[in-house]
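Observations on the model geometry
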Amino acid sequence: GLSLLRPAVDSAPENQLVKIFRANAAVDNCLLVAAGLMFGDIYLGFWLAQQPILSLPSIVFYGSAGLAFIAWESTVTTDPGAIP
């Protein structure tokens, strides 16, 4: 019956970022999604225009892009009330 449609093993716990997006209203998530899309646009534009990965500008850009993503994720998942 219906027991065949359920997964045999419970899925892994949700990522903190996924929990934040599920808890907020769609309107609240629009700015977060827009920031992520802008970041992706800049990243993709640089990747398409600047092919040598081991050049100094590429290393600086990809390092900065990685740090920017980590900062964005930390900003989204940190509870403002928990900061002293």
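Fair warning: this is a prediction, and the values are worked out from it, not measured in the lab.

**Digging into the packing of aromatic side chains**
This model, assessed by the stated rule, comprises two aromatic pairs. On the numbers, 5.5 Å between centres and 70° between planes, the contact of Phe-61 with Tyr-62 is edge-to-face.

**Quick notes on the confidence of the model for the chain**
Any segment with low pLDDT has predicted coordinates that should not be analysed in fine detail. Model confidence for the chain is summarised by a mean pLDDT of 75, while 81% of its residues fall at 70 or above. For the chain, the element scoring lowest by mean pLDDT is helix α1 (residues 16–23), at 77; helix α3 (residues 56–77) scores highest, at 82.

**Quick word on the environment of Trp-47**
Among the structural elements, Trp-47 can be located in helix α2 (residues 26–49). Residues Trp-47 and Tyr-62, 15 residues apart in the sequence, show an inter-C-alpha distance of 9.2 Å.

**Some details on the environment of Ala-35**
Position of Ala-35 relative to the elements: it lies in helix α2. Each C-alpha atom of the pair Ala-35 and Trp-72 lies 8.5 Å from the other, and the pair is 37 residues apart in sequence.

**Things to note about the packing of α1 against α3**
Viewed as axis vectors pointing N to C, α1 and α3 meet at an angle of 50°, and their least axial separation amounts to 9 Å. Judged by the inter-axis angle, α1 sits oblique to α3. Here α1 and α3 pass one another in a crossing that is left-handed. Only Trp-72, Glu-73, Val-76 and Thr-77 of α3 make contact with α1, whose side of the interface consists of Gln-16, Leu-17, Ile-20 and Phe-21.

About the criteria used
- Residues numbered from 1 in each chain as written.
- Predicted model: local features only at pLDDT ≥ 70, side-chain atom pairs only at ≥ 80, totals over all residues.
- Heavy atoms only, no water.
- Phe/Tyr/Trp six-rings, centres within 6.5 Å; stacked < 30°, edge-to-face > 60°.
- pLDDT = per-residue confidence, 0-100.
- Helix = DSSP H or I, 4+ residues; strand = E, 2+ residues; numbered from the N terminus.
- Axes fitted to C-alpha atoms, helices over the stretch in contact; angles between N-to-C directions.
- Parallel < 35°, antiparallel > 145°, perpendicular 65-115°, else oblique.
- Left-handed = near helix turned anticlockwise from the far one by under 90°.
- Contact = heavy atoms within 4.5 Å.

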